[in-house]
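# Per-entry structural report
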Amino acid sequence: MSTAVDQLALGNTFTFDALVDAVQRNRQRRLRIVELADLGDQDGLCAVWLVADGEDLILHASSDSALHRQQFVLHELAHMILGHDANHDPETPDFLLPDIPPQVKARLLRRQELNTVEEVVAETLADRLAAAIRGSAMHSSRYLEIFG
């Protein structure tokens, strides 16, 4: 996990925007992050990462908490950083749902099982990323100067 994060060359603290920029550079793909108000209403899905032609797309549920929304996105960014899309063979034929890209189906179906090693590792990395972002916010503010 550390090696994957080190490749982003962000240091110990960074902003959310710097993280997004680094992920785009590392993957050499555009990244769009879109909030969908209805996501999660019926199925409890908080966010999903879709790999499209030439870009990555993170769709996330809305939340009253900015930190909660950020955690949704950080979890999906963690999947990207860890290369969790590398194990899927896009050439495998699908006769049941041929119009849905294989990467989309694989990601959506896997999200039903939240206790997999891949999901736990992604959430652990998302927590580390959130801590680094908080560290950046405290460092750039007068928090440490005032509260020591």
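Criteria and thresholds
- The written sequence of each chain sets the order in which its residues are numbered from 1.
- pLDDT decides what is reported in this predicted model: residues at 70 or higher carry local features, side-chain atom pairs at 80 or more are listed and counted, and totals for whole chains, interfaces and linings draw on all residues regardless.
- Side-chain measures were taken over the full set of non-hydrogen atoms in the model, leaving aside hydrogen atoms and water.
- Comment: elements are numbered from the N terminus, with helices defined as DSSP H or I runs of at least four residues and strands as E runs of at least two.
- Should any heavy atoms of two residues lie within 4.5 Å, those residues are counted as being in contact.
- The set of buried Ala, Val, Leu, Ile, Met, Phe, Trp, Tyr and Cys residues whose side-chain atoms join them within 4.5 Å is what this entry labels a nonpolar core.
- Exposure categories follow from relative accessible area, calculated using a 1.4 Å probe and restricted to protein chains: below 20% of the type maximum is buried, above 50% is exposed, and the middle band is partly exposed.
- Any two strands with at least two DSSP-identified bridges between them are counted as paired.
- Here a salt bridge means any side-chain nitrogen of Lys or Arg lying within 4 Å of a carboxyl oxygen belonging to Asp or Glu.
- Whenever a helix is involved, its axis is fitted only over the stretch in contact; in every case the axis is a line through C-alpha atoms, and angles between N-to-C directions fall within 0 to 180 degrees.

Helix and strand counts for the protein chain come out as six helices and three strands. Within the protein chain, contacts between residues separated by at least 24 positions form 64% of all contacts whose residues are at least 6 apart in sequence.

Our next topic: the nonpolar core. Within soluble globular proteins, side chains that are nonpolar generally end up buried alongside one another. Grouped together as the largest cluster of nonpolar side chains are 26 residues, with contacts concentrated most on Leu19, Leu74, Leu77 and Ile81. At the level of elements, helix H1 (2-6), helix H2 (16-27), strand S2 (47-52), helix H3 (66-81) and helix H5 (117-140) are the ones that each hand at least two residues to this core. The biggest single contributor to this core is H5, with seven residues. Discounting chain neighbours no more than four positions away, the residues touching Leu74 are Phe16, Leu19, Ala126, Leu129, Ala130 and Ile133. Membership of the second largest hydrophobic core comes to nine residues, among which are Leu39, Leu45, Ala47 and Leu50.

Among the six residues that make up S2, five are buried, leaving the element largely enclosed by the rest of the structure. With six bridges connecting them, S2 and strand S3 (residues 55-61) associate as antiparallel partners. Residue Trp49 lies in a different strand from S3, and its bridge partner there is Ile58. Connecting S2 to the next strand, S3, in antiparallel fashion are two residues, including Gly54 with a positive phi near 80 degrees.

Okay, the pattern of salt bridges next. Inspection of every chain in the model, using the stated rule, returns five salt bridges. The shortest N-O distance in the salt bridge between Asp56 and Arg27 comes to 2.7 Å. Of this pair, Asp56 sits in strand S3 while Arg27 sits in helix H2, and the two are 29 residues apart along the sequence. For the pair Asp56 and Arg27, a shared accessibility class is recorded, and that class is buried. Across the salt bridge formed by Arg30 and Glu55, the nearest N and O atoms sit 2.9 Å from each other. With a gap of 25 residues between them, Arg30 in strand S1 (residues 30-36) and Glu55 in strand S3 connect regions that are remote in the sequence. Judged by its relative accessible area of 14%, Glu55 falls in the buried class.

Time to look at the sheet that holds S3. Pairing within the open sheet is mixed, and its three strands lie in the order S1-S3-S2. The sheet is open, and its two borders are formed by S1 and S2, each paired with just one other strand. Along the sheet, successive strands turn relative to each other by an average axial angle of 20 degrees, direction set aside. Running at roughly 130 degrees to S1, H2 makes contact with S1, S2 and S3 of the sheet. Packing of H3 onto the sheet brings it into contact with S1, S2 and S3, and relative to S3 it is tilted by some 150 degrees.

By themselves these figures say nothing about function.
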